[in-house]
Amino acid sequence: MLFLLLFAGLPLFAQTATEFNDKDKKKLGDIAQRPEVIHRIQEAWDARRRADMEFAFNVNQSTRLGELSVAELATFRQNFGELYNNPILVRYVNSLGQRIVPQGSPNLYSFRLLLDPVPRAEALSTGTIYISTGLVSMLDSEAQLAYVLGHEIAHVEKKHTYNTIRNEILEEEFDREKQADVVKKKAIFGAVSALGGAAIGGAVGGYSGALIGGGLGAVGGIAGGLLFRNKFQPTEWSTVYEDEADDAGLKYMLEQNYDAREIPRMYARLDNLVGRDSRVGLGFIGKPERTRERQAAITRLITSAYKADLEARAKKGLVSSGPEFQLLMSALKRDNGVIALDYDLYDEARDDLDQAVKLRSNDPRAHYYLGQVMIATGRTPEEKQQAMGEFLQAIQYDADRGAYAEPHLEEALFQISQSDPALQDQVKKELKTYVALYQRQHGGQLPGNMYIIYDYFLLIGDKSWYMPPASVITTKNVDSLNVTQANVTAASAAEVVARATGSSDGGRAATTTTSEPAKAAAKPAVKKTSTPAPAPH
């Protein structure tokens, strides 16, 4: 009975190819009851949870990436990734995840978004679940997102990490005893020929050594390598555990009335994206053939085990996506498209940014980066013209705020490429607007490519235009001054551009750009008052 209780419901050794007969299973049950083995399993489990806790701590430090040097930042992101800094979206995903957690679960969960174009999802033993923007951006509905979160929840609910550790240790102990038995038998039956004995011992010892080495490698990594978990090496679950998580994830989402028929569509889309760029398959998707197997398995569940429940719920109304999903996805697809562009994942970047502008057409950042993808990959004059159209859209939608300088530089470059003397004044205006907007965003500092900007002025025959850097005023080693804060209203975008370009009313730039001249940025908005001399003693 104890043996049955110990192993009931557990896919024992599902993560290995080892097959056990009834005698072996009885022996494993005996090993599992030994205090020293129970203690060893607990120690390994505790080590894994400590490692996951340390990993979560390091990931959460990504909110302080601004404090790191360039080299430190690169190393950090390589090993731990970066949290996505969009509180509304993070809370949305966390809220959805909490709804999917099965009722009565003793586990606490936290769902976090990583800014990473590779589709990844990872469940830590501590209940933290990470999902990348790359994966979320590939989903077409809230129901699909509910399934992915449910799948990761299932890994924790079904104790897959614990079972993996436990099974590896039990198999290692079992193999060690089996090897000892072989040695004992060899001592007893010493009449065995030297050649035959060597062959038998080599075969058994080699098999045993491989198992022990594999077990030690996996368990030893818990206390070592997993402390330095690499974000590009997600947990590789066994087929049995993945199938169990797929089944449970489907069940969890269906309990919240999400349409499970969305799952096969999700796998079909992921398979298509991997076919276009195999780098997309580095994370959650894994091997393409495995993705298709999972799609087929889910389809069987929907049409058999869950068919009656699904049909009954469908009559009352199943949820595919709420109105919040599409609105939030516009920002996530934009930001994932930007990071995908940084990784040269051009297909993903273009797809995400194109969808972002369709979902929210007045987003200047999305238009600008879509133009950047087209400039980087465009081969024909028509594609380059289309990119210019995106830059002009970015300028138009940013006219009142004036937060983006770069589209103005892109417009100037395009106009220069036309070699039309009639465009020279407009080129100057766009270049000046670019510098002014950059200064406005960077406390008066000039762009790092300022010498190139002067080159562009030379190309259009202007040898004299010059923008001085903002003055630096220090109060080191001098007495502090009494100052009075003046009531200063920030200049509007049109006013800033008008001053920067020298136009009286802002002209065209007033409707398309925003900037602030260096003088305004450098001049402090304070009024000095004299400090009276100290009274004589």
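Residues numbered from 1 in each chain as written. Predicted model: local features only at pLDDT ≥ 70, side-chain atom pairs only at ≥ 80, totals over all residues. Heavy atoms only, no water.

Draft legend 1. Region of the structure containing the overall build of the chain. The helix and strand inventory of the chain stands at 23 helices and 5 strands. Across the 537 residues that make up the chain, the buried fraction comes to 45%. Looking at the chain alone, contacts between residues at least 24 apart form 70% of all its contacts between residues at least 6 apart. Counting only carbon and sulfur atoms, one obtains 54% of the accessible surface of the chain, whose full area is about 28000 Å². (Helix = DSSP H or I, 4+ residues; strand = E, 2+ residues; numbered from the N terminus. Buried < 20%, exposed > 50% of the residue type's maximum accessible area, 1.4 Å probe, protein only. Contact = heavy atoms within 4.5 Å. Areas by Shrake-Rupley, 256 points an atom, 1.4 Å probe, with all protein chains shown as cover.)

Draft legend 2. Here's a closer look at the environment of Leu135. Mapping Leu135 onto the fold places it in helix α6 (residues 133–136). For the pair Leu135 and Leu114, spaced 21 residues apart in sequence, the C-alpha to C-alpha distance is 9.8 Å.

Draft legend 3. Just the packing of aromatic side chains, in detail. Tallied over the full model, the rule gives 10 aromatic pairs. Here the aromatic rings of Phe55 and Tyr130 are separated by 6.1 Å at their centres, their planes lie at 90°, and the arrangement is edge-to-face. You can see Phe55 sitting in helix α3 (residues 35–60) and its partner Tyr130 sitting in strand β3 (residues 128–132), a full 75 residues away along the chain. Comparing Phe55 with Tyr130 shows no difference in burial state: the two are buried. Between Tyr454 and Trp465, the ring centres sit 6.2 Å apart and the planes meet at 55°, which makes this aromatic pair tilted. With a gap of 11 residues between them, Tyr454 in helix α20 (residues 450–459) and Trp465 in the loop between α20 and β4 (483–485) connect regions that are remote in the sequence. The exposure class of Trp465 is buried, given its relative accessible area of 17%. Of the aromatic side chains, those joined through ring pairs into one cluster are Tyr454, Phe457, Trp465 and Tyr466. (Phe/Tyr/Trp six-rings, centres within 6.5 Å; stacked < 30°, edge-to-face > 60°.)

Draft legend 4. Here's a closer look at helix α17 (residues 381–397). Helix length check: α17, at 17 residues, gives a terminal C-alpha distance of 25 Å against a target of 24 Å (1.5 Å per residue), a fit within 8%. What α17 keeps buried is the set Ala387, Met388, Glu390, Phe391, Ala394 and Ile395. Projected down its long axis, α17 shows its buried positions confined to an angular sector of 155°, all on one face. α17 presents Pro381 and Glu382 as exposed residues on the side facing more than 90 degrees away from its buried surface. (Expected span 1.5 Å × (residues − 1). Arc of directions from axis to C-beta.)

Draft legend 5. Region of the structure containing the pattern of salt bridges. According to the stated counting rule, one finds 23 salt bridges in the structure shown. Arg48 is the partner of Asp52 in a salt bridge, and the nearest nitrogen-oxygen pair spans 3.3 Å. Residue Asp52 and its partner Arg48 are both found in helix α3; the two are separated by 4 residues, about one turn of the helix. Neither Asp52 nor Arg48 differs from the other in exposure class; each is buried. Arg120 serves as the salt-bridge partner of Asp116, at 2.9 Å between the closest nitrogen and oxygen. For the pair Asp116 and Arg120, one class covers both residues: buried. (Salt bridge = Lys/Arg side-chain N within 4 Å of Asp/Glu carboxyl O.)

Draft legend 6. Main features of the side chain of Gln372. Position of Gln372 relative to the elements: it lies in helix α16 (residues 364–377). Residues contacting Gln372, with those up to four places away along its chain left out, are Leu341, Phe391 and Glu410.

Draft legend 7. Up close: the environment of Glu142. Relative to the helices and strands, Glu142 resides in helix α7 (residues 142–157). Note on Glu142: relative accessible area 7%, which makes it buried. Note: C-alpha distance between Glu142 and Val319 (177 residues apart in sequence) is 8.1 Å. Beyond its immediate chain neighbours, meaning those up to four positions away, Glu142 contacts Tyr92, Leu96, Arg99, Tyr258, Val319, Ser320, Ser321, Gly322 and Phe325.

Draft legend 8. Fine view of the nonpolar core. Judged by nonpolar contacts, the single largest core of 53 residues is most densely connected at Leu89, Ile131, Leu145 and Leu250. In terms of residues, this core owes the most to one element, α7, which gives 9 residues. For Leu250, the residues in contact, after removing those within four places along its chain, are Tyr147, Ala260, Ile263, Ile298, Leu301, Ile302 and Tyr306. Core analysis: the second largest hydrophobic core is formed by 17 residues, Val357, Tyr368, Leu370 and Ala394 among them. (Core = buried A, V, L, I, M, F, W, Y, C linked by side-chain atoms within 4.5 Å.)

Draft legend 9. Representation of unusual backbone geometry within the structure. Even without a glycine there, the phi angle at Lys159 is positive, about 55°. The phi torsion at Ser419 lies on the positive side, around 50°, for a residue other than glycine. A relative accessible area of 63% places Ser419 in the exposed class.

Draft legend 10. Here's a closer look at the sheet that holds β3. One open sheet holds the 3 strands; their spatial order is β1-β3-β2, and the pairing between them is mixed. The outermost strands of the open sheet, each flanked by one partner alone, are β1 (110–114) and β2 (121–123). Strand-to-strand twist of the sheet, defined as the mean angle between neighbouring strand axes without regard to direction, takes the value 15°. As judged from the 3 bridges shared by β2 and β3, these two strands associate in the antiparallel manner. Residue pairing in the sheet places Glu122 in a bridge with Tyr130 of β3. This element, α3, spans β1 and β3 of the sheet and lies at about 45° to β3. (Pairing = 2+ DSSP bridges. Axes fitted to C-alpha atoms, helices over the stretch in contact; angles between N-to-C directions.)

Draft legend 11. Representation of the confidence of the model for the chain. Counting all residues, the mean pLDDT for the chain is 78, and 74% of those residues have values of 70 or more. Below a pLDDT of 50 lies the segment residues 1–17, which in the model reaches 36 contacts outside its immediate sequence neighbourhood of four places, other chains included. Scored below 50 in pLDDT, residues 505–537 shows 79 contacts in the model against residues more than four places distant or in partner chains. (pLDDT = per-residue confidence, 0-100.)

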